[in-house]
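# Observations on the model geometry
Single-letter residue listing:
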Amino acid sequence: ELKVEQNPLFLSMQEGKNYTIYCNYSTTSDRLYWYRQDPGKSLESLFVLLSNGAVKQEGRLMASLDTKARLSTLHITAAVHDLSATYFCAVGGTASKLTFGTGTRLQVTL
Amino acid sequence: KAGVTQTPRYLIKTRGQQVTLSCSPISGHRSVSWYQQTPGQGLQFLFEYFSETQRNKGNFPGRFSGRQFSNSRSEMNVSTLELGDSALYLCASSLGATSSSYNEQFFGPGTRLTVL
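Let me begin by describing the structure that accompanies this report. Not measured: the values here are computed from a predicted model. (Residues numbered from 1 in each chain as written. Chains lettered and ligands numbered in written order. Predicted model: local features only at pLDDT ≥ 70, side-chain atom pairs only at ≥ 80, totals over all residues. Heavy atoms only, no water.)

## A few points about the overall build of chain A
The test is simple: The way it works is that DSSP assigns letters per residue, a run of H or I at least four long becomes a helix, a run of E at least two long becomes a strand, and they are numbered from the N terminus. With C-alpha atoms as the basis for the radius of gyration, the globule rule is written as 2.2 Å multiplied by the number of residues raised to the power 0.38. Residue exposure (1.4 Å probe, protein chains only): buried if accessible area is under 20% of the type maximum, exposed if over 50%, otherwise partly exposed. Throughout, a contact is declared for two residues whenever any of their heavy atoms are within 4.5 Å. With residues, only the protein chains shown are counted as cover, and all accessible areas are computed by Shrake-Rupley using a 1.4 Å probe. Counted as positive: Lys and Arg. Counted as negative: Asp and Glu. His and the chain ends are not counted at all. Note on charges: their place is set at NZ of Lys, CZ of Arg, CG of Asp or CD of Glu.
From N to C terminus, chain A includes zero helices and 11 strands. Sequence-ordered secondary structure for chain A, helices as α and strands as β, is β-β-β-β-β-β-β-β-β-β-β. For a compact globule of 110 residues, the expected C-alpha radius of gyration is about 13 Å, and chain A comes in at 13 Å, within 12% of that figure. If one aligns the C-alpha atoms of chain A with their principal axes, the spans along those axes are about 40 × 30 × 20 Å. Here chain A holds 110 residues, and 46% of them are scored as buried. When contacts within chain A are restricted to residue pairs at least 6 apart in sequence, those whose partners lie at least 24 apart make up 53%. Approximately 5400 Å² of chain A is accessible, and the part contributed by carbon and sulfur atoms is 49%. Taking the average location of the 11 positive side-chain charges in chain A and that of its 9 negative ones, the two points are 3 Å from each other.

Next up, the structure:
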C-alpha cells in the first residue's frame, strides 16, 4: 500500500525566510502533485512533476522530484504572508487515484 | 471553461439518514474521483468513475456508493449516516487517460457535510 509522508506538519516562518517542505512516498510512481488549500476552500493545483529530476517554479515556490529517492520537495523562497495555507503533496497511482500526504500548514508571520 | 461544480455546498443531516452529493466535471473530462477530507484522516480516496464505470475504489464501507451518468456527471451516496461521516467531500475531474504519464485532476469547491 502506498504511503505518503510529509514533513513538517506545521511550519511557522517569518516573512523573507526560506524553507523546504518534504514529501516521501513508499512505492514507485512517476506522478507527483503539489496542491495548495486555503481554509475552508478546495485544492488548487500548484505543480505536476512527471519525471525524475523534474523541477518547476512559480513565483516564490519551486518543486522538485527525485524518483529514485522517492522524494519531492517544495521550496519556499523569501516567504510572504500570502503564502500562508496548507500544502499537500499527492502521489499518482492507478488511473486517477491520488494518495495524499498529511499536509503542511504554513503560517507566514511578519 | 467552467470548472468543476459540486452541489450542494453545505448539508446538515442526522444520523441514520442518507445523502446524495452531485459533481459536474469540466467539459470534456470523463473521469470523476471522490475524496473525503477530515481533520483526523486527511484526504482519502473514495472511488473513481470513468465512462459510467467504477474504475477504482478506496477502503470505505459499502455505505458509500457512487455512479456516473452518460454526460460524465457523478453522484455520491452515503446511506445510514454516522457522526464520523462529517467531512468535506471533494470531487475531482480529469481527462481520465489510462496512461500514467499525465492525468492532472481539477478539484471542485467541495460539499461540507455535517452529521448531527
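## A few points about the pairing of strand S8 (residues 74–78) of chain B
Residues and elements named next belong to chain B. Quick note on the threshold: Paired strands are those between which DSSP finds at least two bridges.
Judged by how many residues are buried, S8 sits mostly within the fold: five of five residues are covered. Residues Ser-74, Met-76 and Val-78 line one face of S8 and the alternating positions Glu-75 and Asn-77 line the opposite face, and both faces are buried. Looking at chain direction, strand S7 (residues 64–68) and S8 are connected through five bridges and run antiparallel. From the neighbouring strand, Gly-66 faces S8, where its bridge partner is Met-76. What sits between the antiparallel neighbours S7 and S8 is a turn of five residues, in which Ser-72 has the positive phi angle 75 degrees.

## Quick look at the nonpolar core
Put simply, the rule reads: Here the nonpolar core consists of buried residues drawn from Ala, Val, Leu, Ile, Met, Phe, Trp, Tyr and Cys, with membership extended through side-chain atoms lying within 4.5 Å.
Ranked by size, the top nonpolar core spans 25 residues in total, and within it Leu32(A), Trp34(A), Leu74(A), Ile76(A), Tyr87(A) and Leu106(A) carry the most contacts. Of all elements in the fold, only strand S2 (10–14), strand S3 (19–25), strand S4 (32–37), strand S5 (43–49), strand S7 (61–66), strand S8 (71–76), strand S9 (85–92) and strand S11 (104–109) of chain A reach the threshold of two or more residues within this core. Top contributing element to this core by residue count: S9(A), with four residues. If you look at the next biggest cluster of nonpolar residues, it comprises 21 residues, including Tyr49(B), Tyr89(B), Cys91(B) and Leu113(B).

## Concerning unusual backbone geometry
A cis geometry characterises the amide bond from Asn7(A) onward to Pro8(A), with omega recorded as 0 degrees. Following Thr7(B), the chain continues to Pro8(B) via a peptide bond in cis, the omega torsion being -10 degrees. One can find Pro8(B) in the loop between strand S1 (5–7) and strand S2 (10–13). Look at Arg70(A): it is not a glycine, yet its phi comes out positive at around 55 degrees. For Arg70(A), the location among the structural elements is in the loop between S7 and S8. Under the relative-accessibility criterion, Arg70(A) is labelled partly exposed at 32%. Non-glycine residue Ala78(A) carries a positive phi angle of around 50 degrees. Take Ala78(A): it is sitting in the loop between S8 and S9. When its relative accessible area of 24% is taken as the criterion, Ala78(A) is described as partly exposed.

## A closer look at the interface of chain B and chain A
Convention followed: Buried area is understood as the total, over both parts, of accessible area removed when two parts are fitted together, assessed with a 1.4 Å probe. The salt bridge definition used is simple: a Lys or Arg side-chain nitrogen within 4 Å of an Asp or Glu carboxyl oxygen. For this analysis, a polar contact is any N or O atom pair within 3.5 Å, provided that within protein one partner can donate a hydrogen and the other can accept it, and provided that sequence-adjacent residues contribute only side-chain to side-chain pairs. Three classes are used: nonpolar for Ala, Val, Leu, Ile, Met, Phe, Trp, Tyr, Cys and Pro, charged for Asp, Glu, Lys and Arg, and polar for all others, with Gly counted as polar.
Counting residues at the interface gives 22 residues for chain B and 18 residues for chain A. In this assembly, chain B packs against chain A so that about 1700 Å² is buried in total across both faces, 53% of it on carbon and sulfur atoms. The tally of links between chain B and chain A comes to zero salt bridges. At the junction of chain B with chain A, the criterion picks out five residue pairs in polar contact (both at pLDDT 80 or more). Those elements that provide at least two residues to the side of chain B that touches chain A are strand S4 (31–38), strand S5 (42–50), strand S6 (53–57) and strand S9 (87–94) of chain B. For the side of chain B that touches chain A, the residue count by class is eight nonpolar, 11 polar and three charged.

## What to know about the state of the cysteines
Rules: Any cysteine sulfur atom paired with another within 2.5 Å is treated as part of a disulfide.
The final tally for this structure, using the stated rule, is two disulfides over all chains. The residue that forms a disulfide with Cys23(A) is Cys89(A), at a sulfur-sulfur distance of 2.1 Å. Handedness of the Cys23(A)-Cys89(A) disulfide follows from its S-S torsion of about 80 degrees: it is right-handed. Of the two residues, Cys23(A) is situated in strand S3 and Cys89(A) in strand S9; the sequence distance between them amounts to 66 residues. The disulfide bridge from Cys23(B) ends at Cys91(B), spanning 1.9 Å between sulfur atoms.

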